[in-house]
Amino acid sequence: MMFDDVRDLYQTIILERSRNPRHMHSMDPFDAAADGDNPLCGDRLTVRLRYDAEHRIAEAAFEARGCAISMASADLMADVVQGRSADEVRRLADAFGKLVRTGATEDGAMDPLLPLAGVCEYPSRIKCATLPWVALTAALAGRQEASSEQR
Amino acid sequence: MNQILSLHAKNFDVEAIRTNFPILSQTIRGKRFVFLDSAASAQKPNAVIDAMANTMRTQYANVHRGLHWMSERTTDAYEAVRDKVASLLNAGSRDEIVFTRNATEAFNLVAHSFGRGVLKPGQAVVISQMEHHANLVPWQMLRDAHGIELRIAAITDAGELDMSALARTLEDGRVGLVSVTHMSNVLGTCNPVARVAAMAHAAGARVLFDGSQATVHRAIDVQAIDADFYVFTGHKLYGPTGIGVLYGRRELLEMMPPFMGGGDMIGTVSFERSTWAEVPHKFEAGTPAIVEAIGLGAAIDYVNAIGMDKIEAHEAALTEHALVRLSQIPALRIIGSAQDRGGVISFTLTGAHAHDVATLLDRNGIAVRAGNHCAEPLMRRLGLDSTARASFGIYTTHDEIDVLAQTLEKISGFFAKTGAA
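Source: prediction; values computed, not measured.

Observations regarding the overall build of chain A
Thinking step 1. Counting secondary structure elements, chain A contains four helices and four strands.
Thinking step 2. Across chain A, helices and strands are ordered from the amino to the carboxyl terminus as α-β-β-β-α-α-α-β.
Thinking step 3. The C-alpha radius of gyration of chain A comes to 14 Å, within 12% of the 15 Å expected for a compact globule of 151 residues.
Thinking step 4. Relative to its 151 residues, chain A shows a buried fraction of 44%.
Thinking step 5. Intrachain contacts of chain A at a sequence separation of at least 6 include 61% that bridge at least 24 residues.

Right, here's the structure in full:
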């Protein structure tokens with residue numbers, strides 16, 4: 001089958017989450033939000049957050065029209081960050097950046113994101129996977145806009 | 001050279017042409033390399049590669065300043081390319097050809113030297129909705145720095161210039177320049193540039209045409225279309241990167257101040273003041289892209305040896321074939337339906353984002369572009385985030401288009417099947 005060698009990238013869970021994301025909706029009210037923009041390819045998404053009493057993420061949601069990789073990454077991200085503090089999320093964002101660049105992670109908390117490890121074989125797609133995290137960390141920092149081309 | 005001459009004698013032989021491009025014989029991930037991204041940058045024939053290597057091996061020194069044999073020979077070779085470009089565009093004079101780094105620099109040159117030096121605050125520049133960022137951002141910068149209004153002429157849903165919308169932008173007589181593309185890098189649309197020039201001139205405006213795509217696909221005659229400025233880049237015309245061209249009507253170039261200052265663009269220099277060299281050297285500050293210019297000259301010789309008319313016919317047949325084959329794929333939508341179009345086709349595939357389409361094509365050895373194609377406002381006008389784009393060159397075959405269509409059919413099935421939940 002001609003697409004066998006892309007199964008490492010387009011795992012079933014990626015295709016399933018991109019088609020039927022669980023966290024794609026317009027959260028209202030919300031406590032923080034940021035737009036992520038990849039000007040090179042035209043992808044855009046919005047991440048919104050609600051905090052609990054301890055300022056942990058009670059819920060994360062996103063809205064986007066993007067490729068399968070960015071959609072699945074955003075949806076899995078929203079799973080993983082629930083109940084976590086801003087510091088924990090920033091640590092995960094760094095670990096995720098490393099995962100999609102190298103294909104490996106030593107952080108057990110990253111297990112649900114391992115289906116995206118295959119992105120490391122596709123350098124031009126790394127920014128698709130990291131854009132949701134760029135927007136999320138911007139929202140945590142109180143910024144409303146983030147670009148894949150800025151740090 | 002014999003190879004080129006033998007091509008000239010025969011009819012268009014795409015297999016013979018392909019042997020001139022060494023990169024095309026590679027395999028990518030074990031698959032035959034199908035390169036359908038020439039609109040982004042074209043591959044290079046041996047004639048160009050050899051001309052540049054031979055220059056550096058045997059005939060290289062700085063130009064316009066050496067009182068020695070090697071510099072004189074290199075200057076001759078560099079300046080000969082100006083004649084070749086003038087002939088390619090049918091310019092009235094070689095002095096109307098300015099070498100730049102690329103088309104983007106040529107736009108910036110006009111925006112700076114004509115925009116600030118000739119246009120007056122309160123005047124307007126008109127571009128269209130289908131322009132590349134290179135023909136938008138310099139005018140935004142001019143607007144903000146110099147009080148020039150920027151007007152955007154609409155396009156139709158078919159992806160053609162809306163000529164009545166263009167006429168409306170010209171009505172108040174305040175437009176100093178109309179700058180539109182000769183051929184869209186997204187839609188493939190070829191615009192009626194002679195008509196645009198006539199309308200602009202009747203309204204007292206000058207015209208600049210972006211020939212980055214058109215120069216590759218058809219013969220250009222800047223006098224026949226009555227262009228005031230015309231820009232293109234070498235690397236899309238099978239030449240190297242780092243060399244572009246601005247054609248400008250002599251009387252305009254003469255009234256424009258320099259773009260950048262430095263060596264090679266001056267008459268006399270003292271600590272108090274300097275005078276400028278004559279056109280076109282006034283606009284070529286610093287050591288130019290000597291080797292790249294010579295490479296561009298070789299590229300022009302190469303396409304001329306094949307024949308621009310034959311290239312145009314080959315690409316028209318390819319485009320026709322591709323439009324038929326791609327329109328047979330139910331989930332595929334071709335963006336734009338201009339009557340006059342070149343070998344650039346943008347499309348979307350239902351259920352599959354353009355990036356995913358491009359990645360799956362790439363895994364099968366097929367190179368296309370995906371994204372907004374440096375035309376983000378056009379994407380918004382079309383209601384799209386991104387498209388995939390296949391673009392053709394002299395080395396593209398009908399068989400490659402069939403491979404593209406067959407692979408797209410399978411990709412469409414891949415996402416339709418696995419996406420169902």
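After that view, the rundown keeps rolling.
A word on the overall build of chain B
Thinking step 1. Secondary structure assignment for chain B yields 15 helices and 17 strands.
Thinking step 2. The C-alpha atoms of chain B give 22 Å as radius of gyration, which agrees with the globular expectation for 421 residues (22 Å, within 12%).
Thinking step 3. Over its C-alpha atoms, taken along the principal directions, chain B stretches across nearly 75 × 55 × 35 Å.
Thinking step 4. Looking at the 421 residues of chain B, the share that counts as buried comes to 51%.
Thinking step 5. The contacts of chain B with a sequence gap of at least 6 include a subset with a gap of at least 24, amounting to 70%.

Section: the domain arrangement of chain B
Note on interface size: it is often stated as the accessible area lost on association of the parts.
All names here are of chain B.
Thinking step 1. Domain annotation of chain B identifies domain 1 (2-44 + 307-412) and domain 2 (50-304).
Thinking step 2. Computed from C-alpha coordinates alone, the two centres of domain 1 and domain 2 are separated by 27 Å.
Thinking step 3. Tallying the contact residues gives 28 residues for domain 1 and 29 residues for domain 2.
Thinking step 4. Breaking the side of domain 1 that touches domain 2 down by element, the ones donating at least two residues are α12 (308-327), β14 (344-349) and α14 (376-381).
Thinking step 5. Of the residues belonging to the side of domain 1 that touches domain 2, the class tally is 13 nonpolar, seven polar and eight charged.

Examining helix α8 (residues 193-202) of chain B
Residues and elements named next belong to chain B.
Thinking step 1. Within α8, burial applies to Val193, Val196, Ala197 and Ala200. An end-on view of α8 places all buried positions within 100° of arc, on one side of the element.
Thinking step 2. On its buried face, α8 is in contact with α7 (163-170), β7 (175-181) and β8 (206-210).
Thinking step 3. Looking one or two places after α8, you find glycine 204, whose phi comes out positive at around 80°.

Comments concerning the interface of chain A and chain B
Thinking step 1. Across the contact, 20 residues belong to chain A and 18 residues belong to chain B.
Thinking step 2. Per-element tally for the side of chain A that touches chain B: the top contributor is helix α1 (residues 12-19) of chain A, with four residues.
Thinking step 3. For the side of chain A that touches chain B, a count of residues per class yields 10 nonpolar, four polar and six charged.

Things to note about the sheet that holds strand β13 (residues 332-335) of chain B
All names here are of chain B.
Thinking step 1. With antiparallel pairing, four strands are arranged side by side in an open sheet as β13-β14-β17-β16. The sheet is open, and its two edges are formed by β13 and β16 (369-371), each paired on a single side. Direction aside, neighbouring strands of the sheet carry axes that sit 30° apart on average.
Thinking step 2. For β14 and strand β17 (residues 387-391), the ladder comprises four bridges, and the chain directions are antiparallel. When the bridges of β17 are listed, phenylalanine 347 appears paired with alanine 388.
Thinking step 3. Contacting β14, β16 and β17, helix α13 (residues 354-363) runs over the sheet at an angle of about 160° to β16.

Remarks on unusual backbone geometry
Trans is the common state for peptide bonds, and a negative phi is the common state for residues other than glycine.
Thinking step 1. Omega for the bond connecting Asp28(A) with Pro29(A) falls within 30 degrees of zero, at 5°, which places this linkage in the cis form.
Thinking step 2. Mapped onto the elements, Pro29(A) comes out in the loop between α1 and β1 (32-38).
Thinking step 3. For the bond from Val279(B) to Pro280(B), the omega torsion is 5°, close enough to zero to count as cis.
Thinking step 4. In this fold, Pro280(B) is placed in the loop between β12 (274-276) and α11 (290-306).
Thinking step 5. If you check the backbone angles, Asp226(B) has positive phi at about 65° while not being a glycine.
Thinking step 6. Note on placement: Asp226(B) falls in the loop between α9 (214-217) and β9 (229-233).

Quick notes on the packing of helix α2 (residues 68-81) of chain A against helix α4 (residues 126-140) of chain A
Residue and element names in this part refer to chain A.
Thinking step 1. Running from amino to carboxyl end, α2 crosses α4 at an angle of 45°, the nearest separation of the two axes being 7 Å. Between α2 and α4, the angle is such that the two are oblique. When you trace α2 past α4, the crossing you get is right-handed. Contact residues: α2 offers Ile69, Ser70, Ser73, Ala74, Met77 and Val81, while α4 offers Cys128, Ala129, Leu131, Pro132, Trp133 and Leu136.

Some remarks on the environment of Cys41(A)
Thinking step 1. With respect to the element layout, Cys41(A) can be found in the loop between β1 and β2 (43-51).
Thinking step 2. For Cys41(A), the contacting residues outside a window of four places in its chain are His355(B), Gly371(B), Asn372(B) and Ser386(B).

What to know about the confidence of the model for chain B
All names here are of chain B.
Thinking step 1. Across chain B, the average pLDDT comes to 94, with 96% of residues at or above 70.
Thinking step 2. Considering only residues more than four positions removed or in separate chains, one finds that residues 1-9, a stretch of pLDDT under 50, has 11 contacts.
Thinking step 3. The complex prediction reports pTM at 0.91, with the ipTM value standing at 0.84.

Let's talk about the pairing of β2(A)
All names here are of chain A.
Thinking step 1. Bridging between β1 and β2 involves seven bridges; their strand directions are antiparallel. Bridge pairing links aspartate 37 to arginine 44 in β2.
Thinking step 2. As consecutive antiparallel partners, β1 and β2 are separated by four residues, and within that stretch glycine 42 has a phi angle of approximately 90°, a positive value.
Thinking step 3. Both β2 and strand β3 (residues 57-64) contribute to a ladder of seven bridges, which runs antiparallel. Its bridge partner lying in β3, arginine 50 is registered against glutamate 59.
Thinking step 4. Taking the residues between adjacent antiparallel strands as the criterion, β2 and β3 are bridged by five residues, where histidine 55 takes a positive phi near 65°.

A short note on the sheet that holds β3(A)
Residue and element names in this part refer to chain A.
Thinking step 1. Spatial strand order, β3-β2-β1-β4: four strands in an open sheet with mixed pairing. Every other strand in the sheet has two partners, leaving β3 and β4 (145-147) as the edge strands with one partner each. Going from strand to strand, the sheet's axes swing by 20° on average, the running direction of each strand aside.
Thinking step 2. Strand direction decides the pairing type here: β1 and β4, joined by three bridges, are parallel. Among the inter-strand pairings, aspartate 37 is bridged to a residue of β4, identified as serine 147.
Thinking step 3. Together, β2 and β3 form the strand contacts of α2, whose direction differs from that of β3 by roughly 170°.
Thinking step 4. In this fold α4 packs onto β1, β2, β3 and β4, with an angle of close to 145° to the strand it touches most, β1.

Cut-off values and rules
Residues numbered from 1 in each chain as written. Chains lettered and ligands numbered in written order. Predicted model: local features only at pLDDT ≥ 70, side-chain atom pairs only at ≥ 80, totals over all residues. Helix = DSSP H or I, 4+ residues; strand = E, 2+ residues; numbered from the N terminus. Rg over C-alpha atoms; globule rule 2.2 N^0.38 Å. Buried ≥ 20, exposed ≤ 12 C-beta atoms within 10 Å, placed from the backbone. Contact = placed C-beta atoms within 7 Å. Domains from an automatic or database assignment. Nonpolar A, V, L, I, M, F, W, Y, C, P; charged D, E, K, R; others polar. Arc of directions from axis to C-beta. Pairing = 2+ DSSP bridges. Axes fitted to C-alpha atoms, helices over the stretch in contact; angles between N-to-C directions. Parallel < 35°, antiparallel > 145°, perpendicular 65-115°, else oblique. Left-handed = near helix turned anticlockwise from the far one by under 90°. pLDDT = per-residue confidence, 0-100.

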